[in-house]
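For reference, the chains in residue letters:
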Amino acid sequence: MEKMRLLRIAPLEKPELIEIDHTLENLQELVGGTIQAVYPWDDPVAILCDDDGKAKGYHPNRILTDDEGEPYDIVVGTFFICGLSPDNFASIPDELAEKFTRQFQYPEMFTRMMDGRVVMFRLGSGEAPRVLF
C-alpha cells in the first residue's frame with residue numbers, strides 16, 4: 001500500500017510530520033469525520049480537516065490570513081497539510097513541509113472578550129496578543 005506524508009497540526013501543539021497508508025478511510029479517521037479540502041495558498045498543497053468541525057465544536061487551532069496578513073478564518077480541530085498530484089492528494093514535499101512548519105510553529109490560543117472581539121495569543125512566540133475580529 002502506498003504511504004503518504006502529511007504535516008499534522010493539532011490545537012496547542014507544534015506541527016509534526018506523520019506517515020500514513022494513503023486511503024480515504026485513513027484520512028477520514030485522522031480528521032474525525034468527512035474530509036474538507038481547503039486550498040488557501042498558491043503552493044500545491046491542501047488543508048485537510050473535518051467538514052463539520054465548527055458545528056461539532058472542535059477547539060480553535062490556527063488562523064488563516066490573506067496576502068496582507070489579515071485573518072479571515074480560524075481552522076478548528078486537528079488539520080493536515082498534504083501535497084497535491086494532478087488527480088489526488090499526495091505526500092507533502094520536504095520544502096513545503098518546512099515552510100508550513102515554520103508558518104504554524106507557534107500554537108495559538110483564542111479568547112472572546114466581553115465586547116465580542118476575538119483575541120489570539122501565539123504561545124511561545126514573544127508576540128503581543130492580537131485582536132482578530
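A brief report on the enclosed structure follows.

About the thresholds
- Residues numbered from 1 in each chain as written.
- Predicted model: local features only at pLDDT ≥ 70, side-chain atom pairs only at ≥ 80, totals over all residues.
- Heavy atoms only, no water.
- Helix = DSSP H or I, 4+ residues; strand = E, 2+ residues; numbered from the N terminus.
- Patch = residues over 30% accessible without salt bridge, like charges linked within 9 Å, V, L, I, M, F, W, Y side chains within 5 Å.
- Areas by Shrake-Rupley, 256 points an atom, 1.4 Å probe, with all protein chains shown as cover.
- Salt bridge = Lys/Arg side-chain N within 4 Å of Asp/Glu carboxyl O.
- Buried < 20%, exposed > 50% of the residue type's maximum accessible area, 1.4 Å probe, protein only.
- Pairing = 2+ DSSP bridges.
- Phe/Tyr/Trp six-rings, centres within 6.5 Å; stacked < 30°, edge-to-face > 60°.
- Lys, Arg positive; Asp, Glu negative; His and termini not counted.
- Polar contact = N/O pair within 3.5 Å; in protein donor to acceptor, adjacent residues only side chain to side chain.

1. Section: unusual backbone geometry
Now for step 1: The phi torsion at leucine 12 lies on the positive side, around 60°, for a residue other than glycine.
Now for step 2: In this structure, leucine 12 sits in the loop between β1 (3–9) and β2 (16–21).

2. Here we look at a nonpolar patch on the surface
Now for step 1: Residues Leu12, Met109, Phe121 and Leu123 make up a contiguous nonpolar surface patch of about 320 Å² in total accessible area.
Now for step 2: Following the sequence through the fold, leucine 123 ends up in the loop between β10 (118–122) and β11 (130–131).
Now for step 3: Relative accessible area serves as the criterion here: at 34%, leucine 123 is assigned to the partly exposed category.

3. Section: the pattern of salt bridges
Now for step 1: What the rule picks out here adds up to ten salt bridges.
Now for step 2: Arginine 8 serves as the salt-bridge partner of glutamate 13, at 3.1 Å between the closest nitrogen and oxygen.
Now for step 3: The exposure class assigned to glutamate 13 is partly exposed, which follows from its relative accessible area of 36%.
Now for step 4: The residue aspartate 50 makes a salt bridge to lysine 56 at a minimum N-O spacing of 2.8 Å.
Now for step 5: What emerges from the salt-bridge pattern is a single network uniting Arg8, Glu13 and Glu16.

4. A short note on the sheet that holds β10
Now for step 1: In space, the three strands of this open sheet follow the order β9-β10-β11, with antiparallel pairing throughout. Looking at the sheet topology across the chains shown, the edges are occupied by β9 (108–112) and β11.
Now for step 2: In the sheet, β10 pairs with β11 via two bridges, with the strands oriented antiparallel. Across the sheet, residue valine 119 finds its bridge partner in β11, namely valine 131.

5. A closer look at the environment of glutamine 36
Now for step 1: Within the secondary structure, glutamine 36 is located in strand β3 (residues 35–38).
Now for step 2: With relative accessibility at 31%, the residue glutamine 36 sits in the partly exposed group.
Now for step 3: Spatially, the C-alpha atoms of glutamine 36 and histidine 22 are 16 Å apart, while their sequence positions differ by 14 residues.

6. Here we look at the packing of aromatic side chains
Now for step 1: As enumerated under the stated definition, the model contains three aromatic pairs in all.
Now for step 2: What links up through ring pairs into an aromatic cluster is the set Trp41, Phe79, Phe100 and Phe104.

7. Some points on the side chain of arginine 62
Now for step 1: The topology assignment puts arginine 62 in strand β5 (residues 60–65).
Now for step 2: The buried charged residue arginine 62 lacks any salt bridge partner; its closest oppositely charged side chain belongs to glutamate 108, at an N-O distance of 4.9 Å.
Now for step 3: In this structure the side chain of arginine 62 is engaged in a polar contact, spanning 3.4 Å, whose partner is the backbone oxygen of alanine 10.
Now for step 4: Among the polar contacts made by the side chain of arginine 62, one reaches the main-chain carbonyl oxygen of phenylalanine 104 at a distance of 2.9 Å.

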